[in-house]
Amino acid sequence: MKRFLPMLSWFALGLGTYGWAAEPPLPKFEAQTIDGKVAIGYGVAIGDVDGDGKPDILLADKREIAWYRNGDWKKFVMAADLTPHDDVCIAARDIHGDRRVEVAVGANWNWHGNTLVVYTPSGQGGPWQRSVLADDLGEGHGLACADFLGLGSDQVIVGWRNPNAQKKVGIRLYVPPDFPGSPWKSHVIDDNTMACEDLKVADLDGDGRPEIIASGRSTHNLVIYWNRTGMKK
């Protein structure tokens, strides 16, 4: 049995202290498709491409590298046919300090499994505790941690690209327990419309709530899931 990204020890740093005063709010996301003609959507990155101070979305697709401008989400092709193989991963960082990202692209990527596992420290210097959050992923291919619900500690978001035993693809959010020994809570963010090839997390509208940005392989889409948690409408 394959395990999806087994070494998740870094996630424990974001768990914080167990317990919160009230039941955590239910996650609420509003999906917006900004590109419905994605070939595969191997890799997603976030960075300021045009220097306007807003995070843009970058995509490594099968044969081209594109970016989508924050605001109107207009697509701009940066490069095409860079390698004889598919463009499968992308990274964006401001290396020169000019407030605009440089972009690196790679080919021939094969990082996926069916199990999502979290490792947490024992607190006594002993072996880390292993918790299986899900074992029904159809090739897990997207993973991130952030405080989507405003709890003061991180939650886990995971996406998978192939239909699972329920013949579904999608994205789920997992909330850590409110006290040791209690189960993690899972919430469906996308139910069978996103065959997730990659996902990233960023606050795209500056409201303090992180959004999810995901690209779909067989669903051929690039989607922003706007975080509306805690909003009345």
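Everything that follows concerns the structure shown earlier in this document.
One structure accompanies this document, and this report is about it.

Here is what the cut-offs are and how they apply
Residues numbered from 1 in each chain as written. Predicted model: local features only at pLDDT ≥ 70, side-chain atom pairs only at ≥ 80, totals over all residues. Heavy atoms only, no water. Helix = DSSP H or I, 4+ residues; strand = E, 2+ residues; numbered from the N terminus. Buried < 20%, exposed > 50% of the residue type's maximum accessible area, 1.4 Å probe, protein only. Areas by Shrake-Rupley, 256 points an atom, 1.4 Å probe, with all protein chains shown as cover. Pairing = 2+ DSSP bridges. Phe/Tyr/Trp six-rings, centres within 6.5 Å; stacked < 30°, edge-to-face > 60°. Axes fitted to C-alpha atoms, helices over the stretch in contact; angles between N-to-C directions. Salt bridge = Lys/Arg side-chain N within 4 Å of Asp/Glu carboxyl O.

## Details of the overall build of the protein
Item 1. Each helix and strand in the protein was counted, giving zero helices and 16 strands.
Item 2. For the protein, the residues scored as buried account for 47% of the 233 residues in total.
Item 3. Of the roughly 11,800 Å² of accessible surface on the protein, a fraction of 52% belongs to carbon and sulfur atoms.

## Topic: the pairing of strand β4 (residues 64–68)
Along any regular strand, the residues point their side chains to alternate faces of the sheet.
Item 1. With respect to burial, β4 is a largely interior element, four of its five residues being buried.
Item 2. As paired strands, strand β3 (residues 56–60) and β4 are joined by four bridges and run antiparallel to one another. Its bridge partner lying in β4, Leu 58 is registered against Trp 67.
Item 3. Taking the residues between adjacent antiparallel strands as the criterion, β3 and β4 are bridged by three residues.

## What about the packing of aromatic side chains?
When we look at a pair of aromatic rings, we describe it by the centre distance and by the angle of the planes.
Item 1. Taken as a whole, this structure holds three aromatic pairs when the rule is applied.
Item 2. Their ring planes at 65 degrees and their centres at 6.1 Å tell us that Phe 29 and Phe 148 sit as a pair that is edge-to-face. No difference in accessibility class separates Phe 29 from Phe 148, as the two residues are buried.
Item 3. Arranged with centres 4.8 Å apart and planes meeting at 20 degrees, the rings of Trp 67 and Phe 76 form a pair that is stacked.

## Topic: the sheet that holds strand β5 (residues 75–80)
Item 1. Spatial ordering of the open sheet is given by β2-β3-β4-β5, a layout of four strands whose pairing is antiparallel. In this open sheet, the two strands that pair with only one neighbour each are β2 (43–47) and β5. Looking at each pair of strands side by side, their axes are set apart by 20 degrees on average, direction ignored.

## Here we look at the pattern of salt bridges
Item 1. Counted according to the given criterion, the structure contains 13 salt bridges.
Item 2. Among the ionic pairs, Asp 198 bridges to Lys 200, the shortest N-O distance being 3.0 Å.
Item 3. Note on Asp 198: relative accessible area 8%, which makes it buried.
Item 4. A relative accessible area of 29% places Lys 200 in the partly exposed class.
Item 5. A salt bridge links Arg 209 to Asp 207; its shortest N-O distance comes to 3.0 Å.

## Some points on the sheet that holds strand β11 (residues 155–160)
Item 1. A sheet is described by the order of its strands in space; here four strands give the open sequence β10-β11-β12-β13, paired in antiparallel fashion. Pairing within the sheet leaves two strands with one partner each, and these edge strands are β10 (140–146) and β13 (185–191). Direction aside, the axes of adjacent strands within the sheet are offset by 20 degrees on average.
Item 2. Judged from the six bridges that link them, β10 and β11 form a sheet pairing that is antiparallel. When the sheet's bridge partners are listed, Leu 143 is paired in β11 with Val 158.

These values are about where atoms sit, not about what they do.
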